[in-house]
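Fold and geometry: a report
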Amino acid sequence: VAMTTAGVWDPKQHGIDMKRKSSFSLLDQTTKRPMPGSEEIGEQSEKIEKLWKLMDTYEPNDAESIQKSFARHLEYSLACTRFNFTMQDAYRAAGLVLRDRLLESLNDTNAYYRKMDVKRGYYLSAEYLIGRHMQNAIANLDLEQPFKEAFHGLGMELEDLFHEEADPALGNGGLGRLAACFLDSMATLSLPCWGYGIRYSYGMFKQEIQNGRQVECPDFWIGDGCPFEIPRPDITYPVRLYGEVVHSTDAKGNWCVNWVGGEIVQAMAYDNPIPGFDTYNTNNLRLWRACPSKEFDLDKFSAAHFADSVESRRKAEDLSAVLYPNDATYEGKELRLRQQYFFVSASLQDLLREFIKRPNYKWSDLPSKVAVQMNDTHPTIAVAEMMRLLVDVMQVAWDEAWDLTTKCLNYTNHTVMPEALEKWPVEMIERMLPRHLQLIGELNLRWIKDLQAKYGESSPVIAALSIFEEGDIKKIRMGNLAIMGANKVNGVAAIHTEIIKKETFPEFYKYCCDIGKPDKIVNMTNGVTPRRWVHCANPALSAIFTKYLGSHEWLTDMTKLKDMLKFKEDTKLHSEWMEMKREAKAKLAAYVKEKCNLDIDEDALIDIQIKRIHEYKRQLMNILYVIHRYQDLKSKSPGERAKAQKRVVLIGGKAASAYVNAKIIIKLINNVGKVINNDPDTGKLLKVAFVPNYCVSAAQVMIPASDISEHISTAGTEASGTSNMKFVMNGGLIVGTMDGANIEIREECGEDTMFIFGCLEHEVSQIASKAKSGHY
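Residues numbered from 1 in each chain as written. Predicted model: local features only at pLDDT ≥ 70, side-chain atom pairs only at ≥ 80, totals over all residues. Heavy atoms only, no water.

1. Quick look at the overall build of the protein chain
Quick reminder of the rule: Helix numbering and strand numbering both begin at the N terminus, where a helix is a DSSP run of H or I of at least 4 residues and a strand a DSSP run of E of at least 2. We take the radius of gyration over the C-alpha atoms and set the globule estimate at 2.2 Å times the residue count to the 0.38 power. Between buried and exposed lies partly exposed: a residue is buried under 20% and exposed over 50% of the maximum accessible area for its type, with that area taken using a 1.4 Å probe on protein chains only. In this tally, Lys and Arg are treated as positive and Asp and Glu as negative; His is ignored, and so are the chain termini. The location of each charge is read from NZ of Lys, CZ of Arg, CG of Asp or CD of Glu.
Across its full length, the protein chain holds 32 helices and 22 strands. The globule rule puts the C-alpha radius of gyration for 776 residues at 28 Å, and the 28 Å found for the protein chain is close to it. For the protein chain, with 776 residues in total, the buried portion stands at 55%. Distance between charge centres in the protein chain, computed from 95 positive and 104 negative side chains, equals 1 Å.

Right, dumping it as structure tokens:
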């Protein structure tokens, strides 16, 4: 019998033990929950003893208990009746059932971290493209079978509930997806690491296509509520913006600096449990929502100034409204900087609060207990904010504060192009963050003096390494600030890290070598999680791997997949593999019909390119090839056409709202599709579609169905890329250039598994130079 889904075969018949830790740790009421130590509950232990007895067991996870929990939430949490509820209600109730179990694990994990006094990692990222929660959490908690049985017994399919969940609009591209994969992997590895970011109300935008053009609409993903997030009004921090710096003396007569005035925004926490796979561990993604310090001005309302009465709320909510607001205007740039400082300040206040809650804490212990990772330049104002919190708020001496800062902070660079590194006008920083400008100025003054002592006062290296960039508009270079303030700096692919050393920050690398620290800049190639991108996205393939390898261990150690090579001549595996691919293509065909109103041939070769629309990613070159292929087909006789390979080309991704050229590329793709898809001569041989509103859920449908995928950036421009990894994990072949992680994938998988074309990175500059002089 051809295997088509994970449920077709019985693992026990193959001698496979599928039981994971969660199967016997949290499943029944006989398992007792850990009690806190007496130091945690203090004198209240006798008063709450009965409460502890009521809470000393876990929620049972058998199908009947899940059904009872679902019915309880449906009626008592959502106020639905048993006779009147929708599938959306059912999804939300099921989400609350799952959240109960996530909270048990999250609370136990946090209690364990505190008891063991572990060193904690904190990942600061402006975006997290996390995808739907439910399916991934059920899989990681090892609850797939009981949940499936429970809802099947209620006349519902779990798959239908998954589709009711909206993709959280918290990210856009590879940067955000990498952050999401890191959270899953850190939880799976039982590492005590949290993520910090912003709880965007409307995401970047929901992409619609009207008359072939991208139209940006609000993506109000929280409109129906998200059952997995936990509002934490008890965890709120003030974040100051604007104002002025005043100098004074404290009660002891010591000189001190105070940042006063301006406006205060409250950062309120929303927690999102992130469960690990095959572990007891559940970590947390803490997102900040901006709230006003003054909710409502009754005097203005009473004076009939109704709009003015809620002005502070509107202004605060701007901060957490939209991911990457259009920065084509000065106001847009200012909003981006406000957003970045808002979440960085709240996050650092939160993690320092956790540190000082430790009994008998010493600031010298901070680097042994705290590690902060800045994901790209968006959170790099953290260097100045950490100094402000230590020096101004915690009264730590300057030299000690700088030592602590440079030992705790780390920086991931995601771009190979220096012009893409963020730079903020000094005037803007001075007005919005006056104390931070002073701190950065002092850091730069000391830094320049060190450089002058080492290289001489007139050395050209000093201007390159300065945090300040001179010019008509004086600016602060956030990349320079980040490298200066970081313990480690990493690139995200081997070739990218070398470009950082040679081209992006060559002067910094030389300085590091000169002081005997060449390992300050290191490589850490990006990765993706097979739990999401194989087990959830392609359960049939996951079942094949588990069946032939004899366990699920490949889901945490993908090197074990090499053992599949022993079966490469197995005809039974071949037939199961092709059945898996047919199933994925049928699912894709239904999706393309729904989203694009286009019928595609499931037997055709599926050619996919899904990533942010950008000139360096070369979607333009892809569609030019499609035009060439179309013209070639048109020039053939009917008999010659009949021999051609049928192909479906799908392109998806969002263009930044201010990126005109990228939006023109989208229009071109849709125009080309309109011609090709309606030509009776080629209609059965070539189809083209731009798939709107690319997101994680769309990728989980498209990637398993691909035969080939396009990763064709100009060599030396793509830092890493991660969609290439997802495609090859699902058995797809890459058409690509020697760029980013393509190089390492080729080294690992073999030259015959990838179709490579184009020049190498070191050849690009010579070709570009010739092109400028008219020699193409």
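And the narrative resumes.
2. With respect to the packing of helix α16 (residues 398–408) against helix α18 (residues 434–455)
Selection rule: Every axis in this analysis is a line fitted to C-alpha atoms, fitted for helices over the stretch in contact. Angles between the N-to-C directions lie between 0 and 180 degrees. By definition in this entry, angles of less than 35 degrees are roughly parallel, angles greater than 145 are roughly antiparallel, angles of 65 to 115 are roughly perpendicular, and the rest are oblique. A contact between two residues is defined here by any heavy atoms of the two lying within 4.5 Å. Residues were grouped as follows: Ala, Val, Leu, Ile, Met, Phe, Trp, Tyr, Cys and Pro as nonpolar; Asp, Glu, Lys and Arg as charged; and all remaining residues, including Gly, as polar.
Running from N to C, α16 and α18 cross one another at 90°; their axes reach a closest spacing of 13 Å. The angle between α16 and α18 falls in the class roughly perpendicular. On the side of α16, the interface is formed by W398, D399 and W402, while α18 contributes L439, E442, L443 and R446. Here the contact of α16 with α18 is built from residues that sort into four nonpolar, no polar and three charged.

3. Thoughts on the packing of aromatic side chains
Applied cut-off: Pairing of aromatic rings covers Phe, Tyr and the six-membered ring of Trp, with a centre-to-centre limit of 6.5 Å; geometry is then stacked below 30 degrees between planes, edge-to-face above 60, and tilted otherwise. Cation placement over rings: the criterion is NZ of Lys or CZ of Arg within 6 Å of the ring centroid and within 35° of the ring normal.
Summed over all chains, the structure comprises 17 aromatic pairs. Centroid distance Y361 to W363: 5.6 Å. Interplanar angle 80°. Geometry classified as edge-to-face. The partly exposed category is assigned to Y361, whose relative accessible area is 32%. Exposure remark for W363: the relative accessible area of 13% places this residue in the buried category. Pairwise contacts between aromatic rings join Y122, Y196, Y237 and W288 into one cluster. The ring of Y270 carries R199 above its face, with NZ or CZ at 3.9 Å from the centroid.

4. Describing the pattern of salt bridges
Heads up, the condition is: By salt bridge we mean one thing: a side-chain nitrogen of Lys or Arg within 4 Å of a carboxyl oxygen of Asp or Glu.
Applying the stated criterion across every chain yields a total of 54 salt bridges. Put simply, K663 and E216 hold a salt bridge, and the shortest N to O gap is 2.9 Å. Residue K663 is located in helix α28 (residues 660–676), and its partner E216 is located in strand β4 (residues 213–217); the two are separated by 447 residues in the primary sequence. Residue class for E216 comes out partly exposed when judged on its relative accessible area of 30%. Sharing partners across several salt bridges, the network here consists of R232, D234, D271, R286, D350 and R353.

5. Focus: the sheet that holds strand β18 (residues 647–652)
Sheets are built from strands that pair by backbone hydrogen bonding, the pairs being arranged parallel or antiparallel. Heads up, the rule is: A pair of strands is labelled paired if DSSP reports no fewer than 2 bridges between them.
As summarised here, the arrangement of the six strands in space is β19-β18-β17-β20-β21-β22, forming an open sheet in which the pairing is parallel. Sheet topology places β19 (686–691) and β22 (754–756) at the edges, where each strand pairs with a single neighbour. Strand-to-strand, the axes of this sheet are offset by a mean angle of 20°, without reference to chain direction. As paired elements, strand β21 (residues 733–736) and β22 share three bridges and run parallel to each other. Across the sheet, the residue bridging to G736 is I756, located in β22. Packing of helix α25 (residues 571–596) onto the sheet brings it into contact with β17 (605–610), β18 and β19, and relative to β19 it is tilted by some 65°. Those strands touched by helix α31 (residues 742–749) are β20 (708–711), β21 and β22, and its axis lies near 130° from that of β22.

6. A word on the nonpolar core
Inclusion rule: In this description, a nonpolar core means a group of buried Ala, Val, Leu, Ile, Met, Phe, Trp, Tyr and Cys residues linked to one another through side-chain atoms lying within 4.5 Å.
Formed by 134 residues in total, the largest nonpolar core has its most connected members in L98, F151 and W288. By residue number, the principal contributor to this core is helix α13 (residues 330–356), which donates 11 residues. Setting aside its immediate chain neighbours within four residues, L98 contacts M134, A137, I138, L141, L143, F147 and F228. If you look at the next biggest cluster of nonpolar residues, it comprises 49 residues, including V528, A589, I600 and V696.

7. Some points on the pairing of strand β8 (residues 263–275)
In terms of residue burial, β8 counts as a mostly covered element, since 10 of its 13 residues are buried. In terms of strand pairing, strand β5 (residues 230–241) meets β8 through nine bridges, oriented antiparallel. Residue pairing in the sheet places P238 in a bridge with Q266 of β8. In this sheet, strand β9 (residues 282–292) lies alongside β8 in antiparallel orientation, the contact comprising 11 bridges.

8. Some points on unusual backbone geometry
Positive phi values are uncommon outside glycine, yet D117 reaches one of about 50°. The residue D117 is located in the loop between α5 (87–116) and β1 (120–124) in this model. Within the chain, R618 stands out as a residue other than glycine whose phi angle is a positive 65°. One can find R618 in the loop between β17 and α26 (619–635).

Function cannot be inferred from these measures alone, as they are strictly geometric.
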